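Listed below, chain by chain, are the residues.
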Amino acid sequence: MSSANLIRVALGAYLLIFFSYLLGPLVVMSLTAFNSASFPAVSPWACFSYEWFEVLFNDKHIRDGIYYSVVIGIGTVILSVSMGLAASIVLTQVWPKLRSTYYTMIIAPILIPGVVLGISTLVFWDRVGAFLGVSDGSLLHGLFHNGIFLTILGQSTFIASYTMLVFVARLQRFDTDLTEAALDLGATHTQAFRKVLLPFMRPAIASASVLAFLASFENYNTTTFTILEYKTLTTVLAQKVRLGINPSISSLAFIIIVLTIFAALAFEAANRNKDRKLAAAQGRGVTQKSGILPSFLTGNPAAVVLVLLAFMVIVMVGTAQRYSPEACKIAVREAKQIEIQKRIDALKETRRQKEDAKAAQQPSNAAPATPNNSSAFGNVFAPGNLSGDAPEQKVDEPEPQSGTGAFGNVFAPDNLSSD
Amino acid sequence: MKKPMIFSQFFKNNGAVMGSALIGLVAFWLIFLIILPQLSMLDYSFRYNLPPAEVGGPKDVYTLSNYEHLIYGSDSSHQTYNTVDLKVFMRTILAAMLVTIFNIFLCYPLAYFLGQSKGSGFVRLLVVLLIIPYWINEILRAFALRIIFGDSGLLNEALMFLHLTSAPIDFIRQDIALYAGLGYAYILLMLFPMYNVIESLDRNQIEAARDMGASWLHIHRRIVIPYAKPGIVSGATMVFMLSAGALAAPQILGGPSSLWFTQLVYQWFNDSLNWQQGAAYAIVLLVSTIVIVLTVMRVFKVNMGDIGK
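Residues numbered from 1 in each chain as written. Chains lettered and ligands numbered in written order. Predicted model: local features only at pLDDT ≥ 70, side-chain atom pairs only at ≥ 80, totals over all residues.

1. A word on the overall build of chain A
Moving on, step 1. Counting secondary structure elements, chain A contains 17 helices and zero strands.
Moving on, step 2. Looking at chain A as a whole, 31% of its 419 residues qualify as buried. (Helix = DSSP H or I, 4+ residues; strand = E, 2+ residues; numbered from the N terminus. Buried ≥ 20, exposed ≤ 12 C-beta atoms within 10 Å, placed from the backbone.)

2. A closer look at the overall build of chain B
Moving on, step 1. Along the backbone of chain B there are 13 helices and zero strands.
Moving on, step 2. For chain B, the N- to C-terminal ordering of α and β elements is α-α-α-α-α-α-α-α-α-α-α-α-α.
Moving on, step 3. Counting across all 309 residues of chain B, residues that qualify as buried make up 39%.
Moving on, step 4. In chain B, once contacts between residues fewer than 6 apart in sequence are set aside, the share between residues at least 24 apart is 69%. (Contact = placed C-beta atoms within 7 Å.)

3. Here's the deal with the interface of chain B and chain A
Moving on, step 1. Contacts between the two partners involve 71 residues from chain B, matched on the other side by 75 residues from chain A.
Moving on, step 2. The dominant element in the side of chain B that touches chain A, judged by the number of residues it contributes, is helix α2 (residues 16–45) of chain B, at 15 residues.
Moving on, step 3. Grouping the amino acids of the side of chain B that touches chain A by side-chain chemistry returns 51 nonpolar, 16 polar and four charged. (Nonpolar A, V, L, I, M, F, W, Y, C, P; charged D, E, K, R; others polar.)

4. Observations regarding the confidence of the model for chain B
Moving on, step 1. Of the residues in chain B, 89% have a pLDDT of 70 or more, and the chain-wide mean is 80.
Moving on, step 2. The complex prediction reports pTM at 0.77, with the ipTM value standing at 0.83. (pLDDT = per-residue confidence, 0-100.)

5. Digging into helix α11 (residues 233–243) of chain A
Moving on, step 1. Taken across its 11 residues, α11 of chain A has eight buried, putting it largely inside the fold.
Moving on, step 2. Residues of α11 of chain A that are buried: Leu233, Thr234, Thr235, Val236, Leu237, Ala238, Lys240 and Val241 of chain A.
Moving on, step 3. Next to the buried residues of α11 of chain A lie α3 (60–93), α9 (189–218), α10 (223–226) and α12 (247–281) of chain A together with α6 (138–149) and α11 (248–253) of chain B.
Moving on, step 4. Downstream of α11 of chain A by one or two residues, Gly244 of chain A has phi in the positive range, about 160°.

6. Details of the domain arrangement of chain B
Residue and element names in this part refer to chain B.
Moving on, step 1. Domain annotation of chain B identifies domain 1 (1–45) and domain 2 (61–306).
Moving on, step 2. For domain 1 versus domain 2, the distance between C-alpha centres works out to 33 Å.
Moving on, step 3. Domain 1 puts four residues into the contact, and the matching count from domain 2 is seven residues. (Domains from an automatic or database assignment.)

7. So, the nonpolar core
Moving on, step 1. Counting residues in each nonpolar core, the largest one holds 154 residues, and the members touching the most others are Phe143, Leu191, Met194 and Ala282 of chain B.
Moving on, step 2. Looking at which element gives the most residues to this core, the answer is helix α8 (residues 176–199) of chain B, with 17 residues.
Moving on, step 3. Discounting residues that sit within four places of it in the chain, Ala282 of chain B has contacts with Val115, Val116 and Ile119 of chain A together with Met41 and Val265 of chain B. (Core = buried A, V, L, I, M, F, W, Y, C linked by C-beta atoms within 7 Å.)

8. Regarding the UniProt feature "transmembrane region" (unreviewed entry) in chain B
Residue and element names in this part refer to chain B.
Moving on, step 1. Mapped onto this numbering, the UniProt entry annotates "transmembrane region" (unreviewed entry) at residues 21–40, 93–114, 121–137, 176–195 and 278–300.
Moving on, step 2. Secondary structure content for residues 121–137 is 82% helix and 0% strand, and the end C-alpha separation is 28 Å.
Moving on, step 3. Structurally, residues 176–195 is divided into 100% helix and 0% strand, and its ends, taken at the C-alpha atoms, are 28 Å apart. (UniProt positions renumbered as here; feature names shortened; annotations may be inferred.)

9. Observations concerning the environment of Phe261 of chain B
Residue and element names in this part refer to chain B.
Moving on, step 1. Residue position: Phe261 is located in helix α12 (residues 261–271).
Moving on, step 2. Phe261 gets classed as buried once you count the C-beta atoms within 10 Å, which come to 30.
Moving on, step 3. With 172 residues separating them along the chain, Phe261 and Phe89 place their C-alpha atoms 5.5 Å apart.
Moving on, step 4. If near-sequence neighbours (up to four positions away) are discounted, Phe261 is found in contact with Val88, Phe89, Thr92 and Leu285.

10. Quick notes on the packing of α12 of chain B against helix α13 (residues 275–299) of chain B
Pairs of packed helices are described in terms of their axes, by the angle between the two and the distance that separates them.
Residues and elements named next belong to chain B.
Moving on, step 1. Running from N to C, α12 and α13 cross one another at 160°; their axes reach a closest spacing of 7 Å. In terms of axis orientation, α12 runs roughly antiparallel to α13. α13 is crossed by α12, and the crossing has left-handed handedness. The segment α12 lies against α13, with Phe261, Leu264, Val265, Trp268 and Phe269 engaging Trp275, Gln277, Gly278, Tyr281, Ala282 and Leu285.
Moving on, step 2. Looking at the contact of α12 with α13 residue by residue, the classes come out as nine nonpolar, two polar and no charged. (Axes fitted to C-alpha atoms, helices over the stretch in contact; angles between N-to-C directions. Parallel < 35°, antiparallel > 145°, perpendicular 65-115°, else oblique. Left-handed = near helix turned anticlockwise from the far one by under 90°.)

11. Brief notes about unusual backbone geometry
All names here are of chain A.
Moving on, step 1. Phi at Leu228 is positive, roughly 50°, even though this residue is not glycine.
Moving on, step 2. Residue position: Leu228 is located in the loop between α10 and α11.
Moving on, step 3. The partly exposed category is assigned to Leu228, around which 14 C-beta atoms lie within 10 Å.

12. Notes on the UniProt feature "transmembrane region" (unreviewed entry) in chain A
Residues and elements named next belong to chain A.
Moving on, step 1. When the UniProt feature table is mapped onto this chain numbering, "transmembrane region" (unreviewed entry) sits at residues 12–34, 66–91, 103–125, 145–168, 196–217, 249–270 and 291–318.
Moving on, step 2. Here residues 12–34 runs as 91% helix and 0% strand, with 31 Å between its end C-alpha atoms.
Moving on, step 3. With 100% helix and 0% strand, the stretch residues 196–217 has end C-alpha atoms that lie 32 Å from each other.

13. Some thoughts on the confidence of the model for chain A
Moving on, step 1. For chain A, the average pLDDT comes to 76, and 78% of its residues sit at 70 or higher.
Moving on, step 2. Note on residues 366–419 of chain A: pLDDT under 50 across the span, and 37 contacts to partners over four residues away in sequence or across chains.

14. Re the environment of Ala279 of chain B
Moving on, step 1. Residue position: Ala279 of chain B is located in helix α13.
Moving on, step 2. The spatial distance from the C-alpha of Ala279 of chain B to the C-alpha of Met41 of chain B is 5.9 Å, given a sequence separation of 238 residues.
Moving on, step 3. Setting aside chain neighbours within four positions, we find Ala279 of chain B in contact with Ile119 and Val123 of chain A together with Met41, Tyr44 and Ser45 of chain B.

Have a look at this one:
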């Protein structure tokens, strides 16, 4: 049994490592959203604060970015879902010899690097404009150099492949006899498509749309080339992160993470509920307990967690209105100043000791005829230090301005700017 | 390639309206979004970067100079070869391969564990936990790693707290952050194809092998891995292509002195405004990654049809 235990421990450790690699960075990032320090970090922890959410909500670039991301997302969903659906239907009917070539061609965009897709879209539509001879300022020229139009096309190129895969999986279970029957009964092809195939494909269309929207929303590589003068959320974020990181991005990430968890839990809860109902319908279900909990919560941990999470978010939003970290921030600032002071003192102390040691060595080391030497050192390090031979007095003295300035410049600006 | 006979059959099956709608959509996708853009990029990469007035003029001829630039560098440089760009290229390809191999080893045990333990609540929880980071923006994931790997990041703080190091380690400049970020970004694209394939493996096969006395290693080498091969190759293909073509992670996590090949492409386009040169570099990236992927697929005898399953 010990070997079985060993395997279990190894598996547990492995799962722990895997999931900390996967989720740890997200947790850390979420925590930094609540630290008042101006640089995203968990340690040193300054104050619990909601201020970065406020910074985020007041950021015009991010709001514009979200708007354009949504517009592009909707366009991409429409285009890629219809192309993917058409491609998957054609795949079921294409001449067998052509099938693998055709499949390779429509699956290829997934494997083409996003950068290449972006460039090729940009270059191609520029060339189309040139070929058609459209002049600057005309409608078509505007269209072919419009970031939103190009981004929708560029993203749809590969997102349609994703949606196609979703449709192919669903189409494999479609009974073509149904369409045949509809046609035999006098339906036109369009009617048969609308009344038979489309209702069957509806779940796949829904999931493909969600997939396409999310893929479009988070795309960066293609978008950064095709977006031109506009900005989507991802390009705004990339620019912000490259220019210098700040915790308002963490707060955005936190919001996205919470939304994702909500969606995942809701999906899981709905699935379990469906499973349970199915089981109940088949007579295998457990007898309904009449508890305080509403029926959809019993035996459905995902739903319970969902409700708890919703409660937590409400509490957070509620406290955010009242909570003020000002007192804590002042305390942190004072603590920081004391810390800086201490460091300056410590540095001074060590420097003084060094100089003392040097001064002590000087006479024995160097030629005695150079008394200027010691003053040269004194000028560099601390003027007037050697003139007074009372070290105790030095500590009690108020800070010499020059010293604070020199070290203050090293430590202070970053630290104090957070205030 | 398509003969009229097939077309007529197709229209008979689908009707005139639906048939032309389907063909129209697919043709638009294939021709205007996939084939022609790639061809025009290829064409562009063989041209000089001319001012707009001279485009189409006598100077607008085909040239290999954009590709020569990658290999030999500009005329003004004194080196025989463009060592800077070639080094970046080699580094990109090799690092993408390493990231892929690392991901295979990291994901295989989990894919096996998830695929073979069916239905328990714990496994379902794990799958939900896996899906969550999947939908977090690539930029934000890179940002999260930057917080951890930064000079005053969590990792350095922890190492210093434990007295494992006295001064902060510069993970960013040493590219550790970049490799961790690339592995992190696409790890689920490795996991899910593997998981899907292993899930469909009949448990009885493993049981039978175990009953006959096969060792644990033997079971994996002879049964699970051959069965999961399409999933592994499919995942590896995706991770390799995406890592080699990654732009966000190198931009955010890469050190200031080391570049990723896509960053060179980006610079030609957005900083130097030399689209032709950028297109040539993009073509080099595309062709070399595709050649590598096809070679690997040939070696491991995996079909294109297995990709994306």
